[in-house]
Amino acid sequence: MAQSTIRVEPIAGALGAEISGVDLSRDLSDGIIGAIRAALLEHQVVFFRDQQLTPEQHLDFGRRFGELQVHEFVGGMAAYPEILEVRKEPGETRNFGGGWHTDVSYLERPALGSVLYALDVPDYGGDTMFASQYLAYEALSDGMKAMLDGMIAVHSARRPYGPNAARARAYGPSSMQFNFSEAAHGEIEHPAVRTHVETGRKALYVNATFTLRFKDMTEEESAPLLEYLCRHAVRPEFTCRFRWQPNSIAFWDNRCVQHNAINDYHGQRRVMHRVTIEGERPV
């Protein structure tokens, strides 16, 4: 398939573009992969429709962008541990990925990005929202930028995956396997503002799910600033919203994007497959 067949159409003013004219199940040339990477870097999250991928093809596509991660606290598919099956059945009320966050920012090397493939989607609801952290940073005052540029944030998985996590205490069915562990209490330090290694642009890098506090400050002292930044980071003018269809794919750049899986489809089924690409230590 010729690279010239790829079409990239923005879906919102802040970020997001739909790519057509490419079949991701094929053995893609370096040129086509390069065009997809360029679109990802420009638009921060890209979407594909009408893709038919086996698990092996999904893995192969993800590996064209880097090594794949295996989630420490959420069980992958038995035959494909790198594939996370994001599932919510009609009888469940909690979803996975709800609430604004940056994937696995508690790791020393958080994800470069994720490739999420829709298998079964509700008739309505279940959209995913994305927020540009480039725009979030750029909209801050010069004084706030100057202060944040020297600050370090502490991240941890303890809130969603520690033994006392809300999901660990919740009653009711869950079709996903979680490992609620003391290991989730580990902490890692990242700059509050990171510089994207490929674009050179600065992005705000704190999120409400995994960021606990600022270095050399208590959680109580950090809370007012963190709460402000987390609200600011997802202002409507920084976002786009994607409505899923069966066989749709979203591929987001986790280094400059937050996302939120909206949990508004109780009584309906939603099943997705996600592969996550290894990133680098934020700088």
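For the structure, see preceding data.
Below or above, wherever it landed, is the structure these notes cover.

Criteria and cut-off values
Residues numbered from 1 in each chain as written. Predicted model: local features only at pLDDT ≥ 70, side-chain atom pairs only at ≥ 80, totals over all residues. Heavy atoms only, no water. 1 Å grid on protein atoms, 1.4 Å probe; cavity = no way out; pocket = protein on both sides within 12 Å on 5 of 7 lines; lining within 4 Å. Points joined across faces, edges and corners; volume = space filled by probe spheres on them. Helix = DSSP H or I, 4+ residues; strand = E, 2+ residues; numbered from the N terminus. Nonpolar A, V, L, I, M, F, W, Y, C, P; charged D, E, K, R; others polar. Pairing = 2+ DSSP bridges. Axes fitted to C-alpha atoms, helices over the stretch in contact; angles between N-to-C directions. Expected span 1.5 Å × (residues − 1). Buried < 20%, exposed > 50% of the residue type's maximum accessible area, 1.4 Å probe, protein only. Arc of directions from axis to C-beta. Contact = heavy atoms within 4.5 Å. Disulfide = S-S within 2.5 Å. Core = buried A, V, L, I, M, F, W, Y, C linked by side-chain atoms within 4.5 Å. Salt bridge = Lys/Arg side-chain N within 4 Å of Asp/Glu carboxyl O. Phe/Tyr/Trp six-rings, centres within 6.5 Å; stacked < 30°, edge-to-face > 60°. Lys NZ or Arg CZ within 6 Å of the ring centre and 35° of its normal.

### Some words on the layout of surface pockets
Left-over empty space is what a probe sized like a water molecule reveals as it rolls over the atoms. Counted as a void, the largest pocket has a volume near 500 Å³. In terms of lining, the largest pocket is formed by 28 residues, of which the most central are F96, G97, G98, H101 and Y161. For the lining of the largest pocket, the secondary-structure elements that each account for two or more residues are helix 5 (158–161), helix 6 (166–169), strand 14 (257–261) and strand 15 (270–278). Split into classes, the residues belonging to the lining of the largest pocket amount to 13 nonpolar, 9 polar and 6 charged.

### Digging into the sheet that holds strand 12 (residues 239–242)
Pairing within the open sheet is antiparallel, and its 3 strands lie in the order 12-6-14. Here the strands that pair on one side only, and so sit at the sheet edges, are strand 12 and strand 14. Neighbour-to-neighbour, the strand axes of the sheet open up by a mean angle of 20°, direction not taken into account. In this structure, strand 6 (residues 128–132) lies alongside strand 12, joined through 4 bridges in antiparallel fashion. When the sheet's bridge partners are listed, T128 is paired in strand 12 with F242.

### Focus: helix 1 (residues 30–43)
The terminal C-alpha atoms of helix 1, which comprises 14 residues, lie 20 Å apart, in line with the 20 Å expected from a rise of 1.5 Å per residue. Buried within helix 1 we find I32, I33, I36, A39, L40 and H43. All buried residues of helix 1 fall inside an arc of 120° around its axis, so they share one side. The exposed set on the far side of helix 1, more than 90 degrees from its buried face, consists of D30 and E42. Here the buried face of helix 1 lies against strand 1 (7–10), strand 2 (17–20), strand 3 (45–48), helix 2 (55–63) and strand 13 (249–253). After helix 1 finishes, the residue Q44 shows a positive phi value of roughly 75°.

### Structural notes on the sheet that holds strand 4 (residues 84–88)
Strands sit in the order 1-2-3-13-5-15-4 across an open sheet of 7 strands; the sheet is mixed. Unpaired on one side and paired on the other, strand 1 and strand 4 mark the two borders of the sheet. Sheet twist, expressed as the mean angle between neighbouring strand axes with direction ignored, is 25°. As paired strands, strand 5 (residues 111–120) and strand 13 are joined by 5 bridges and run antiparallel to one another.

### Structural notes on the state of the cysteines
As used in these notes, a disulfide is a covalent bond between sulfur atoms, one from each of two cysteines. Per the counting criterion, the structure on display carries 0 disulfides. Cysteine C230 is unpaired, with the sulfur of C256 as its nearest cysteine sulfur at 17 Å. A relative accessible area of 15% places C230 in the buried class. With no disulfide of its own, C256 lies closest to C240 among cysteine sulfurs, the gap being 11 Å.

### Side note on the nonpolar core
If you look at the biggest cluster of nonpolar residues, it comprises 32 residues, and the most contacted ones within it are F96, F130, Y161 and W244. Counting only elements with at least two residues in this core, the list comes to strand 3, strand 4, strand 5, strand 12 and strand 13. Contacts of F96, omitting those with residues within four sequence positions, involve V74, L84, V86, Y161, R167, M176, F178, A261 and R274. Listed in part, the 25 residues of the second largest apolar core include V22, L53, F65 and L112.

### A word on the pattern of salt bridges
Throughout the structure, instances matching the rule amount to 23 salt bridges. Here R269 makes a salt bridge to E89, at a shortest N to O gap of 3.0 Å. Here E89 lies in the loop between strand 4 and strand 5 and R269 lies in the loop between strand 14 and strand 15, a separation of 180 residues in the sequence. Looking at E89, the relative accessible area reads 21%, which means it is partly exposed. The network of salt bridges with common partners includes R37, R194, E198, D253, R255 and E280.

### Remarks on the packing of aromatic side chains
Two numbers describe a pair of aromatic rings. These are the distance of the centres and the angle of the planes. Counted by the stated rule, this structure contains 13 aromatic pairs. A ring pair is formed by F61 and F65, whose centres lie 5.3 Å apart and whose planes are at 70°; its orientation type is edge-to-face. Judged by relative accessible area, which is 6%, F65 ranks as buried. Aromatic pair F130 and W252: ring centres 5.6 Å apart, planes at 50°, arrangement tilted. On the criterion of sequence distance, the pair formed by F130 in strand 6 and W252 in strand 13 is long-range, its members being 122 residues apart. By the burial criterion, F130 is buried, and W252 matches it. Joined through ring pairs, the aromatic side chains of F47, F130, F242, W244 and W252 make up one cluster. In this structure, K88 is placed above the aromatic ring of Y265, and the distance from its NZ or CZ to the ring centre is 4.2 Å.

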